[in-house]
Amino acid sequence: QVQVVESGGGLVQAGGSLRLSCAASGRTFSPYDMGWFRQGPGKEREFVAAIRWSGIPYYADSVKGRFTISRDNAKNTVSLQMNSLEPEDTAVYYCAADVRGSLYRSDAYGYWGQGTQVTVSS
């Protein structure tokens, strides 16, 4: 069994920055592809970013150039640096691990964290 725990959410003004962290434990971390998804009020869960175990990143068009995903296999962590935040980024952000299929699809991930709230005020 794999446990996934997010941290780092909070309230920030538009234009500000936040850094989310995700820790995975329970099995060998390195082979996992990892992803971040978010779900805003009244919206479906959507892909934000993902990173291969090798370190290759992928981004949704809406966050490209503003968000950066990175990982530290030695520490079993994945981070999401979010800059130039907009009110539209307000959502619960979820970290997920162990992709079996497309990185962009939430149903391809085997393990999920509980989510962390990010609120961007205008």
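This structure is a prediction, so every number in the text was calculated from the model and none was measured. (Residues numbered from 1 in each chain as written. Predicted model: local features only at pLDDT ≥ 70, side-chain atom pairs only at ≥ 80, totals over all residues. Heavy atoms only, no water.)

Tallied over the full model, the rule gives eight salt bridges. Measuring nitrogen to oxygen at the nearest pair gives 2.9 Å for the salt bridge that ties Asp89 to Arg38. Of the two residues, Asp89 sits in the loop between β8 (77-82) and β9 (91-99) while Arg38 sits in strand β4 (residues 34-39), which places them 51 residues apart along the sequence. Its relative accessible area of 5% is what places Arg38 among the buried residues. Two residues, Arg100 and Asp98, come together in a salt bridge whose shortest N-O distance is 3.0 Å. (Salt bridge = Lys/Arg side-chain N within 4 Å of Asp/Glu carboxyl O. Helix = DSSP H or I, 4+ residues; strand = E, 2+ residues; numbered from the N terminus. Buried < 20%, exposed > 50% of the residue type's maximum accessible area, 1.4 Å probe, protein only.)

A negative phi holds for most residues other than glycine; trans holds for most peptide bonds. Non-glycine residue Ser84 carries a positive phi angle of around 50°. With respect to the helices, strands and loops of the structure, Ser84 is situated in the loop between β8 and β9.

Take the sheet that holds strand β7 (residues 67-72) next. The strand order across the open sheet formed by four strands is β1-β3-β8-β7, and the pairing between neighbours is antiparallel. Looking at the sheet topology across the chains shown, the edges are occupied by β1 (3-7) and β7. With direction set aside, neighbouring strand axes in the sheet form an average angle of 15°. Judged from the six bridges that link them, strand β3 (residues 18-25) and β8 form a sheet pairing that is antiparallel. In the strand pairing of β8, Leu18 is matched with Met82. (Pairing = 2+ DSSP bridges. Axes fitted to C-alpha atoms, helices over the stretch in contact; angles between N-to-C directions.)

What follows covers the pairing of β9. For β9, a buried count of eight out of nine residues is recorded, marking the element as mostly surrounded by other parts of the structure. Pairing of β4 with β9, which is carried by six bridges, proceeds in the antiparallel orientation. Across the sheet, Met34 pairs through a bridge with Ala97, a residue of β9. Relative to strand β11 (residues 116-121), β9 is paired through three bridges, and the arrangement is antiparallel. Among the inter-strand pairings, Ala91 is bridged to a residue of β11, identified as Val118. As judged from the three bridges shared by β9 and strand β10 (residues 109-112), these two strands associate in the antiparallel manner.

This part is about the state of the cysteines. For the structure on display, the rule yields one disulfide. Two residues share a disulfide in this structure: Cys22 and Cys95, whose sulfurs sit 2.0 Å from each other. Handedness of the Cys22-Cys95 disulfide follows from its S-S torsion of about -80°: it is left-handed. Remark: Cys95 occurs in strand β9 and Cys22 occurs in strand β3; sequence separation between them is 73 residues. A relative accessible area of 1% places Cys22 in the buried class. Residue class for Cys95 comes out buried when judged on its relative accessible area of 0%. (Disulfide = S-S within 2.5 Å.)

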